[in-house]
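Per-entry structural report
Here is what each chain is made of, one letter per residue.
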Amino acid sequence: MMAILRQAPGEKALVPGTYALVGHYGDPKGFAAWFDKGQRLPLTTAADDDGALWYVLVDLSADQERVA
């Protein structure tokens, strides 16, 4: 089992990769983006009904596919 990298909004990304915004229990909130190491994760103005929102590292690959 791999550990899940979880970071608070406004922190600097510890590793480059795609980070997704999730609720307290890991439910996706519809935002994911690539961040380089040291780049600040966006602040959020909303809170989750179950508590704080977090960013989790979901992909380390640099290849990003976009679909319409």
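In this report, we go over the structure that sits alongside the text. It should be emphasised that the depicted structure is a prediction, and the values quoted were computed from it without experimental measurement.

Calculation criteria
- Residues numbered from 1 in each chain as written.
- Predicted model: local features only at pLDDT ≥ 70, side-chain atom pairs only at ≥ 80, totals over all residues.
- Heavy atoms only, no water.
- Pairing = 2+ DSSP bridges.
- Helix = DSSP H or I, 4+ residues; strand = E, 2+ residues; numbered from the N terminus.
- Buried < 20%, exposed > 50% of the residue type's maximum accessible area, 1.4 Å probe, protein only.
- Polar contact = N/O pair within 3.5 Å; in protein donor to acceptor, adjacent residues only side chain to side chain.
- Phe/Tyr/Trp six-rings, centres within 6.5 Å; stacked < 30°, edge-to-face > 60°.

A short note on the sheet that holds strand β3 (residues 28–35)
Spatially, four strands are ordered β1-β4-β2-β3 in an open sheet, and the strand pairing comes out antiparallel. This sheet does not close on itself; its edge strands, each paired only once, are β1 (6–7) and β3. Relative to β3, strand β2 (residues 17–22) runs antiparallel, the two sharing five bridges. The residue bridging Ala20 from the neighbouring strand is Ala32, located in β3.

Some details on the side chain of Gln7
Its place among the elements puts Gln7 in strand β1. Judged by its relative accessible area of 2%, Gln7 falls in the buried class. At a separation of 3.3 Å, a polar atom in the side chain of Gln7 contacts the side chain of Glu11.

Remarks on the packing of aromatic side chains
The final tally for this structure, using the stated rule, is two aromatic pairs. Note on Tyr19 and Phe35: the rings are 6.1 Å apart at their centroids and 70° apart in plane angle, and the pair reads as edge-to-face. With Tyr19 in strand β2 and Phe35 in strand β3, the pair connects residues that are 16 residues apart, well separated along the chain. On the basis of relative accessible area, Tyr19 is assigned to the buried category, the value being 0%. Take Phe35: its relative accessible area is 7%, and that puts it in the buried class.

These values are about where atoms sit, not about what they do.
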